[in-house]
Amino acid sequence: MIIAANWKMNLSRRNAGDLLKSYRDIAATKANISDGGGEGDKKVSGVSSGLIAFVPACYLPLAEDILSLTSVQFGAQDCHAEAKGAFTGDVSASMIADFSACWVLCGHSERRQYHAETDDVIAGKMTQAAQSGLNALLCVGESHEDRLSNQSIDVVTRQLMSTLQIWQSSRADNSTQLLVIAYEPIWAIGTGLVASLEQISEMHAAIKACLAGLGIAAPVLYGGSVKPDNAADIFAVADVDGALVGGASLNAEGFSQIVEAAS
Ligand code: 13P
């Protein structure tokens, strides 16, 4: 299982440091989950299990200090789709890689909603990440309206196809970039509403089928109100390879329980 934490725009510098130290301790005591990394060899480690912390960009130096020589990998929540230039306030993939991060979160629904990110912009970010040696965690998910009108699988499949086809066509033949998908129904994010186990199972199977059609094998995580009390049930669903955790990742005890449920 892969357990990824998305802190979003939360935590003071001090609290961020404390939480990163907790993650380090959690990984050290949960041998099953911590073997996705590898000391000193993070960029080429496997991706079937492990902890990944997606921290605000300003805390990347902190993450580098605290997590280097641990099995916990870390990354940024976004990068720009260009390599460099006049993009005030943005952060490039190479800047992220400079802090020994391994990952970039791409296409989170909050970026799609508040920053109008389209599938081709998201594919551009994934490509930039690859060029800087970063792996990509691509988020997809449907709105409540899509769910109510029975469009969920169509919407998610469209997001995957249009992003991944562009990404594949610009991907270098010798690219070693790892890909993870997170299915995050928008209506379940930060709402306390969790997709039912049947909905998760159906969507994860559809995502894996879509990936297979593109010749891609990638782990698929579930995200959306994952908490200590529902994690074990979600992890037991076929085709669920882990979780992308928002609010509950900000609490060391709760996050530890989620990791425990995956071990
Ligand atoms: P919550 O776990 O707070 O619902 O957030 C999920 C999420 O958006 C993770 O990327």
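Structure: above.
Calculation rules
Residues numbered from 1 in each chain as written. Predicted model: local features only at pLDDT ≥ 70, side-chain atom pairs only at ≥ 80, totals over all residues. Heavy atoms only, no water. Salt bridge = Lys/Arg side-chain N within 4 Å of Asp/Glu carboxyl O. Helix = DSSP H or I, 4+ residues; strand = E, 2+ residues; numbered from the N terminus. Buried < 20%, exposed > 50% of the residue type's maximum accessible area, 1.4 Å probe, protein only. Right-handed = clockwise from strand over helix to strand, strands pointing away. Near = heavy atom within 4 Å. Polar contact = N/O pair within 3.5 Å; in protein donor to acceptor, adjacent residues only side chain to side chain. Areas by Shrake-Rupley, 256 points an atom, 1.4 Å probe, with all protein chains shown as cover. Nonpolar A, V, L, I, M, F, W, Y, C, P; charged D, E, K, R; others polar.

With that settled, consider the pattern of salt bridges. For the coordinates displayed, the defined rule picks out 9 salt bridges. Note that Lys-8 and Glu-110 form a salt bridge whose closest N and O atoms lie 2.8 Å from each other. On the criterion of sequence distance, the pair formed by Lys-8 in the loop between strand 1 (2-6) and helix 1 (13-29) and Glu-110 in helix 5 (residues 109-114) is long-range, its members being 102 residues apart. Judged by its relative accessible area of 24%, Glu-110 falls in the partly exposed class. In this structure, the salt-bridge partner of Asp-25 is Arg-24, at a minimum N-O distance of 3.5 Å.

Right, let's get into the pairing of strand 7 (residues 220-223). Burial of the side chains of strand 7 extends over both faces: Val-220 and Tyr-222 are buried on one face and Leu-221 and Gly-223 on the other. Handedness of the crossover joining strand 6 (residues 179-183) and strand 7 through helix 9 (residues 197-213) is recorded here as right-handed. After leaving strand 7, the chain enters helix 10 (residues 228-235) and then returns to the sheet as strand 8 (residues 242-245), a path that is right-handed.

This paragraph deals with the site of the ligand. In the vicinity of the ligand, the residues found are Asn-6, Lys-8, His-108, Glu-184, Ala-188, Ile-189, Gly-190, Gly-224, Ser-225, Leu-244, Gly-246 and Gly-247. Asn-6 has a polar side-chain atom sitting 3.0 Å from an oxygen atom of the ligand. Gly-247 has a polar backbone atom sitting 2.8 Å from an oxygen atom of the ligand. In isolation the ligand offers 310 Å² of accessible surface; the protein chains occlude 97% of this area. Residue composition of the shell around the ligand, grouped by class: 3 nonpolar, 7 polar and 2 charged.

The values are spatial; any link to function lies outside them.
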